[in-house]
Amino acid sequence: MACSIKNIYRSKFMKKLSVYFLVLIAVASSCRKDDDHLFNESPDQRLSKQLNAYQEQLSGAPYGWKMILKPAGGGAYGFYLKFNDANRVEMVSDFDSASAVTLKESSYRLKALQQPSIIFDTYSYIHVLSDPDGTVNGGTDGVGKQSDFEFYFNDSTGIDTIKLTGRVNGSKALLVKATQQEAEAYSGGTFNVNLIYNALGKILQYFKQLTVGGESYDLNLDPNTRTIIITWVDDQGNVNTFTTSFYFSLAGIEFSDPFMAGSTIVTGFYNPVWSGVTQTITGNVGDGNTATIKGIIKPQVLDVDAPRRWWQTMVDEGSFWYTYTGFHVDGVDDAYGLQGIENFVALGFWPQFGTSGNITYDLAGYLMNENGQLSLSFGTAFDAPTFTADGRIRFGTYLGDLGDIPDDAIDPYVNTALKLMETSGFYLVQINDDQYDMVNAANARAWISWRRPQ
Amino acid sequence: MKNVIIGFLCVTILTGLMSCEKEKFNPSGAEDIVDLGGGTWAEGSIDKWISDSLTTPYNISAKYKWDAFEDIGDISYTIVPPKEEYIVPILSAIRKTWIAPYTTLGTPEFFNKISPKIIYMIGSPAYEQSGAIKLGVAEGGKKIILLAINYTKVKGMQGYNVADSFWIKQMFLTIQHEFGHILHQNILYPVDFKNLNPSLITSNWQDYTDEEALRDGFITAYSMNTVDDDFVEMISHLLVNGNEWFEQMLASIPEGVSDRGTTRDQAVTRLRTKKSIIVNYYKQAWNIDFAQLQTKVRMAVDGLLY
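It should be emphasised that the depicted structure is a prediction, and the values quoted were computed from it without experimental measurement.

**A closer look at the packing of helix α8 (residues 227-251) of chain B against helix α9 (residues 264-286) of chain B**
Residue and element names in this part refer to chain B.
Alright, step 1. α9 packs onto α8 with a crossing angle of 140° between their chain directions and a minimal axis gap of 12 Å. The angle between α8 and α9 places the two elements in the oblique class. Once α8 is placed against α9, the crossing between them reads as left-handed. On the side of α8, the interface is formed by M234, I235, L238 and L250, while α9 contributes V268, L271, K274, K275 and I278.
Alright, step 2. Tallied by class, residues from the contact of α8 with α9 come to seven nonpolar, no polar and two charged.

Right, dumping it as C-alpha cells:
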C-alpha cells in the first residue's frame, strides 16, 4: 500500500528530526549564570536608596516647603509644611483663617507602595479636604472634596520642587522649597487668608469688575469651590471666559493658571487695599502691575438663558434647589436669620411643586428637622415665573402659604418672601452643575447660592 | 550513525549539566527589602503609651497610623486617619471600660488568651450608599476596627459635652459586642438560648425599629439578625447601659400585642430569661460574676461620660 510506505519514510525522518531537536534543547538549556543586570543594585536596594533620597530632600530643606494641593474634586489649596527626619511634619493651610495661623503637628512616612510614596498617616490639614463629612470641608457627604493624603512621587521631580500625585483620587500637589522669610511668616502666625475676603467684603454688590491695563473684566470668585471665573466681551464683540482655581499665599491670592489681560500676565491679586472714597480695591496682579476691583450692578456678560435653565432643571428632575442660609443682603450672610429658626435645616425652591385650582405653583419651602426626620414643613407658593429677554427671572404673584409657620419663623419667612417678590427680579449665575447664584437685579446687593441636593 | 548521534547527545547534555553551577542561596539580600516586616517610624509618646499600656500587659496592639492595605470591608469608602489627640484618651477609655473589668474579675491569662489582638482606628465613619454610617467592624476574633474616632470624645477632652457621649457609647457597645462573639465562639451558650424565639430571627432586621424589636423581646433591632447577635447585643447593652436602664426598657414595653404576635408579658419574660441565661453562662463558662462585671463596666462608663 502506497500509503504505508509513505508513513514509514516519514516516521524515520521524524525520528532524526527529534534527535536534532533534543540536541538543540540540550545546548540551549545549558545555563549561564552570569546575568547582566541593567543596574548594579537590586530593585530593593534602588528603591530604598530612592526613598532615602526623598527623605533627605524633604527633611533636609532648612526652611520647609510651600505646597499647592489641587484635589481631584476641584479648587486649589495652599500649605506650608516643615518635615523632620523622625516622621513628624508641622503645617499650616489656607483652608480657613484658623488653620492659616495655627501650626499643627502630625505624622508622615515614606513607603514603597507600587512607587515611592509619601503617606500623611495621622489627621492633618491635608486630611480636612479628604474628610468624608461634608460639614468639615463644604464637600459632599461620603467623599468630601475628593482629595488625597497618600501620594506617589512623580518622576519629574527636581531639587527645589517635588511633584506628587494622589494614589486614590489622583489629586495633584506641587511642593516648592520655602525661603527663610517665608518660613518665619508661615510659622509665625502671619498668614492672613482673610486679607482679600475682608477687602472683597467691603464691596456690597455681587458682581465685581476687575480692571487691568485699562480693560475691564467681570470677576467671579467663589470661596467654597476655590474657583475664579473671568468673563469679558472682546473688540470683535465675542464673549470670552477664563476659569482657574485659586489658593492663598502670604501676599494674597494666587491663580493656579495665569490670566492674560491683554499683554499683562495676571498671576494673582496681591496686597489689596480698600479705598472708601473711590469704593475700590487696589492691588498688584504680579510683576508690579496694578489693578482695581469694584462692585457693579450688572456685569458686561450675562448668561441670559441661566434663569430658565436653573428653573427647568428641577422641573425635569422633579427635585429642588436648596440653601442653608437664604439671602445674603448688604454684606450680611443669612441676613434674615433663617438659621435662628428652631429646627431649621434648609430653604428649598421647588418649581412646579403642585397644582391648586388649575394653577401650577412654585414653592419656596422650609425643610425642618422633625424628630430626626427631614421634612418639608411650610412654604410660600408663587404663580409661575416669567423670564425676561435680558436674563432675569421674576417670580410669579404670591398665592398663599402652605403649612403652619412657627412663630419664630415669621420674620425670616416674610422677609424672604418679600425679597423673592421684588418686581425687578433676579439674574442667575451658574457656578457649576450643582450651584447657581441668584442675584437681585435692582442693586445686586442681595443673593442666594442655590445648591443641588446630593 | 545512530550511536554517534546518541554519544554526541550525551556529551552535550553532560556539558550542559556541568555548566549549571548552582548559585548558593544568599539571604543577605533580603535585608534590603523595603518595609519588610511592616512599615516603621520613629516612636513617639503615643506609641510608647500603647506599648506600655496595651501591648506589654495584654498582648494587644493598637494601630492608629493610616495603612492603605487595611480592609474595612469595601475599599471604595472614603475614610481618613484619626486625630492624634484622640488616640490615648480613647484607648485609655477602652482599657477602663473593657479590659480592666474583665481582667479583675476573670484572670489575666483568660483575657490575654482570647482578646482580639489588633485595634485599628479610623478617624471618620464610613458612609454607606444608603446614607447609613458604619462605626465598627470586627474580623473574626483577631481584629476590631473602630471608626469615627475624630468624633469620639470623653470627659476631660477639649470641648467635651454630654451630647458627645453618643459616639463613645457606640464605641463601648461595639467592643463589648465583638468580645461577646469571641466568648461564645470559644464556649457556646446553652441551647436554651437558641430556642427562645427562633421564628423571629430575620436578616431583614433593618425593617424594624428598636421599639418594635423590644416589643418582640429583643434589646435592639440588630439583635434579630442572628441568635449570636441577640446574645452579644444583650451582653453589650447590659454591660454598657446597666441594669437600671434594662429595667426601664422592660417597663417601657406597651400593653397589647406586637405586629408579630408577642404580648407584653411574653416580651418581658423573654428578655428576663435571656438575661438569666447570660448570667449563668458567665458563671459556668468563665467563672465570672456578671452582676459584678456590670457594676464595674457601668462605673467606668459613668466616670468617663458625666
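Continuing now.
**Focus on the pairing of strand β15 (residues 280-284) of chain A**
Residues and elements named next belong to chain A.
Alright, step 1. Here β15 shows a buried face lined by I281 and G283 and an unburied face lined by T280, T282 and N284.
Alright, step 2. Pairing geometry for strand β14 (residues 264-275) and β15, over four bridges, is antiparallel. Considered in β15, the bridge of S275 is made with T280.
Alright, step 3. Linking β14 back to β15 in an antiparallel pair, the connection comprises four residues, with Q279 at a positive phi of about 55°.

**Some remarks on the packing of helix α5 (residues 165-186) of chain B against α8 of chain B**
All names here are of chain B.
Alright, step 1. Between α5 and α8, whose axes approach to 8 Å, the crossing angle comes to 130°. With respect to α8, the axis of α5 lies oblique. Every pair of crossing elements has a handedness; the one defined by α5 and α8 is right-handed. For the pair α5 and α8, contact is made by K169, F172, L173, Q176, H177, G180, H181 and H184 and by D228, F231, V232, E233, I235, S236, H237, L239 and V240, respectively.
Alright, step 2. A per-class count over the contact of α5 with α8 returns seven nonpolar, seven polar and three charged.

**What to know about the confidence of the model for chain A**
Alright, step 1. When pLDDT is averaged along chain A, the result is 91, and 92% of the positions lie at 70 or above.
Alright, step 2. This stretch, residues 1-6 of chain A, has a pLDDT under 50; its non-local contacts, to residues over four places away or in other chains, come to zero contacts.

**Looking at the sheet that holds strand β1 (residues 61-63) of chain B**
Residue and element names in this part refer to chain B.
Alright, step 1. Spatial ordering of the open sheet is given by β1-β2-β6-β5, a layout of four strands whose pairing is mixed. Of all the strands in the sheet, the pair left with one neighbour each is β1 and β5 (136-139). Strand-to-strand twist of the sheet, defined as the mean angle between neighbouring strand axes without regard to direction, takes the value 15°.
Alright, step 2. The sheet contact formed by strand β2 (residues 118-121) and strand β6 (residues 143-146) spans four bridges and is parallel. Bridge assignment links Y120 to a residue of β6, and that residue is I145.
Alright, step 3. Relative to the sheet, α5 contacts β5 and β6, its axis offset from that of β6 by approximately 165°.

Cut-offs and rules
- Residues numbered from 1 in each chain as written.
- Chains lettered and ligands numbered in written order.
- Predicted model: local features only at pLDDT ≥ 70, side-chain atom pairs only at ≥ 80, totals over all residues.
- Axes fitted to C-alpha atoms, helices over the stretch in contact; angles between N-to-C directions.
- Helix = DSSP H or I, 4+ residues; strand = E, 2+ residues; numbered from the N terminus.
- Parallel < 35°, antiparallel > 145°, perpendicular 65-115°, else oblique.
- Left-handed = near helix turned anticlockwise from the far one by under 90°.
- Contact = placed C-beta atoms within 7 Å.
- Nonpolar A, V, L, I, M, F, W, Y, C, P; charged D, E, K, R; others polar.
- Buried ≥ 20, exposed ≤ 12 C-beta atoms within 10 Å, placed from the backbone.
- Pairing = 2+ DSSP bridges.
- pLDDT = per-residue confidence, 0-100.

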